Amino acid sequence: MSPIKLEIKRFGYDPFLDFLKGICIILIILNHCIPSELRSQIFFPLWGSPAVPVFLIIQVFHFYKKGFNTTKPDYNKIWKRVVRPFIIVELIILAVLLYKESSNSTIPSLKEIVYMLTGGPGSYYPWIYVQFAVLLPLFRPIVKLQRVYILIAFILLSQIAEIVCALSAMPEWIYRLTLLRYVFLVYLGYLLATKGLILNRYTITLSVLSIASTILFAYIDMDYNPIFYNVDAWSTCHWICYFYIVFFMIIGLKVIYSYLGSFVFSTFVKQIGKYSYEIYLFQLLYFTCISEYLINVLSIANKTLITIILSTLLCIIPVLLYKRIKERLKKKQL
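Parameters and conventions
- Every chain is numbered independently, its residues counted from 1 as its sequence is written.
- Only residues with pLDDT of at least 70 get local features here, since the model is predicted, and only at 80 or more are side-chain atom pairs given and counted; chain-wide, interface and lining totals rely on the full set of residues.
- Only hydrogens and water are removed before side-chain values are computed, so all heavy atoms of the structure are retained for them.
- Put simply, DSSP H or I for four residues or longer makes a helix, DSSP E for two residues or longer makes a strand, and each gets a number counted from the N terminus.
- Taken over C-alpha atoms, the radius of gyration is set against a globule rule of 2.2 Å times the number of residues to the power 0.38.
- Three labels apply to residues, based on accessible area from a 1.4 Å probe with only protein chains included: buried if under 20% of the type maximum, exposed if over 50%, partly exposed otherwise in between.
- Contact definition: two residues touch when any of their heavy atoms are within 4.5 Å.
- Residue exposure ignores everything except the shown protein chains as possible cover, and the areas themselves are Shrake-Rupley values with a 1.4 Å probe.
- By the counting scheme adopted, Arg and Lys are positive, Glu and Asp are negative, and His together with the chain ends is not counted.
- A charged residue contributes its charge at one atom only: NZ of Lys, CZ of Arg, CG of Asp or CD of Glu.
- Within this document, salt bridges are pairs made up of a side-chain nitrogen of Lys or Arg and a carboxyl oxygen of Asp or Glu, the two lying within 4 Å of each other.
- Lines fitted to the C-alpha atoms define the axes, with helices restricted to the stretch that makes contact. Angles between their N-to-C directions range from 0 to 180 degrees.
- The cut-offs work like this: below 35 degrees is roughly parallel, past 145 is roughly antiparallel, 65 to 115 is roughly perpendicular, and the gaps in between are oblique.
- The residue classification treats Ala, Val, Leu, Ile, Met, Phe, Trp, Tyr, Cys and Pro as nonpolar and Asp, Glu, Lys and Arg as charged. All others, Gly included, are polar.
- The term nonpolar core refers to a set of buried residues drawn from Ala, Val, Leu, Ile, Met, Phe, Trp, Tyr and Cys, joined through side-chain atoms within 4.5 Å.
- The rule is short: rings of Phe, Tyr and Trp, with Trp giving its six-membered ring, pair when the centres are within 6.5 Å, and they are stacked under 30 degrees, edge-to-face over 60, tilted in between.
- Here, a charge over a ring is recorded when the distance from Lys NZ or Arg CZ to the ring centre is within 6 Å and its angle to the ring normal is within 35 degrees.

(A) Structural detail: the overall build of the chain. Summing up its helical and strand segments, the chain has 16 helices and two strands in all. Its C-alpha atoms give the chain a radius of gyration of 20 Å, near enough to 20 Å, the size a compact globule of 334 residues would have. In terms of overall dimensions, the chain has C-alpha extents of about 60 × 55 × 40 Å along its principal axes. The buried share of the chain, reckoned over its 334 residues, is 48%. Long-range pairs, those at least 24 residues apart, make up 84% of the contacts in the chain between residues at least 6 apart in sequence. As presented, the chain carries roughly 17800 Å² of accessible surface, and 66% of it is formed by carbon and sulfur atoms. When the 32 basic and 16 acidic side-chain charges of the chain are each reduced to a single mean position, those positions are 16 Å apart.

What follows is the structure, given as structure tokens:
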């Protein structure tokens, strides 16, 4: 077969990235509102769970796309754009949790305090994002090696991280906040930023292997220690599972995007992707403080499909409306 190559613009705006982020934030919301048993039945670990790794690959792409020597993290931008809004939302969630626990006189454990300070489904992501931002410059000596040595180096780093986590029996509440399970994504983001993604017989073979590994980790209950550290919530977050995410999923979405063109659906998804982080923050608040109350009020607790659709729309539409109103008000002031 003739190789298929995907490249994303390294300079200027590439609308496909917003489309990609839009699809991924929808998948993240679905992951948080679809019951676990149903997720398993519809093979969600294969097509839905890679959403967070894709966001991290995009982060690596943005960091390395202009080269390795002059790029440095903009910590002020990270604080304003990522950390500060997250802290504000987490303080709101913490206040709600403390209010709910006000009748409980017991002193919360360290684990409970950490969960309170990182409330909401997927609330580990900003912590991982900041770790990536801090550590990506340290990977420069590796990504300057010959290409085959870069791959070997990241496989070794990722495998060492797996073994360390397994042998230390790292507690889940600590493991969820570390980037150890995502180290190999740096290599995939590097490929996207420098070489582009090439679909050929080698990358197809690696992708098929990673799909098989993903199915194994997600559906076969085995003891993988000490080679792989398996935690239920991140059972498919191993370096060997990540190849198909870039060579099948991202390339496949690029093909779909090219066919959609300027269709309404494509435009809507790009708008979602443009505000994906704001939607992410709002869904933290929704699933922690709003969803249970709303579902009970509407008496739809046993109506799975209605709950999924309603939760997805309520996590997205308010943010888009807020952004549209804000933009209109800003235009009027000019």
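Still more to cover.
(B) Representation of the pattern of salt bridges. Throughout the structure, instances matching the rule amount to three salt bridges. Ionic pairing is found between Asp18 and Lys21, a salt bridge with its closest N-O pair at 3.7 Å. Placement of both Asp18 and Lys21 in helix α1 (residues 15-33) is noted, with a separation of three residues, approximately one turn of the helix. Its salt-bridge partner being Glu278, residue Arg81 comes within 3.7 Å of it at the nearest N-O pair. Within this pair, whereas Arg81 is found in helix α5 (residues 75-100), its partner Glu278 is found in helix α15 (residues 276-298), the two being separated by 197 residues in sequence. The class for Arg81 is partly exposed, based on a relative accessible area of 35%. One salt-bridge network, held together by shared partners, links Arg81, Glu278 and Lys323.

(C) Inspection of the packing of α5 against α15 at higher detail. One can describe the packing of α5 onto α15 by two numbers: an axis separation of 10 Å at closest approach and a directional angle of 5°. Relative to α15, the element α5 is oriented roughly parallel. For the pair α5 and α15, contact is made by Arg81, Val82, Pro85, Phe86, Val89, Glu90, Ile92, Ile93, Val96, Leu97 and Lys100 and by Tyr277, Glu278, Tyr280, Leu281, Leu284, Leu285, Thr288 and Cys289, respectively. Per-class residue counts for the contact of α5 with α15 are 14 nonpolar, one polar and four charged.

(D) Examining the nonpolar core more closely. Counting 105 residues, the largest nonpolar core has Tyr64, Phe132, Phe154, Tyr182, Leu188 and Leu197 as the members making the most contacts within it. When residues in this core are grouped by element, the largest group, 13 residues, is from α1. Apart from the residues within four sequence positions on either side, Phe132 is in contact with Leu56, Gln59, Val60, Leu179, Tyr182 and Val186.

(E) Broad picture of the packing of α1 against helix α14 (residues 264-274). It is the contact of α1 with α14, at a shortest axis distance of 7 Å, that shows an interaxial angle of 80°. The orientation of α1 relative to α14 falls into the category roughly perpendicular. Along the contact surface, α1 presents Pro15, Asp18, Phe19, Lys21, Gly22, Ile23, Ile25 and Ile26, while α14 presents Phe265, Ser266, Val269, Lys270, Ile272, Gly273 and Lys274. Split by residue class, the contact of α1 with α14 holds eight nonpolar, three polar and four charged.

(F) Examining the environment of Asn31 more closely. By the element assignment, Asn31 lies in helix α1. On the basis of relative accessibility, which here comes to 26%, the residue Asn31 falls in the partly exposed class. Separated by 298 residues in the primary sequence, Asn31 and Leu329 place their C-alpha atoms 34 Å from one another. In this structure, Asn31 is in contact with Arg39 and Phe44, ignoring residues within four places of it in sequence.

(G) View of the environment of Pro50. Structurally, Pro50 is set in the loop between α3 (44-47) and α4 (51-64). Judged by its relative accessible area of 3%, Pro50 is buried. What Pro50 contacts, discounting residues up to four positions off in sequence, is Pro45, Tyr244, Ile245 and Met249.

(H) Highlighting the packing of aromatic side chains. One pass over the full model with this rule turns up 23 aromatic pairs. Measuring from centroid to centroid gives 5.9 Å for Phe184 and Trp239, while their planes differ by 55°, and the two rings are tilted. In this pair, Phe184 sits in the loop between α10 (172-175) and α11 (185-194) while Trp239 sits in the loop between α12 (201-219) and α13 (243-260), placing the two residues 55 residues apart along the sequence. On the basis of relative accessibility, which here comes to 1%, the residue Phe184 falls in the buried class. Three or more aromatic residues joined by ring pairs make a cluster, and in this case those are Phe139, Phe154, Phe184, Tyr187, Tyr190, Trp239 and Phe243. Sitting over the ring of Trp234, Arg181 keeps its end group 4.5 Å from the ring centre.

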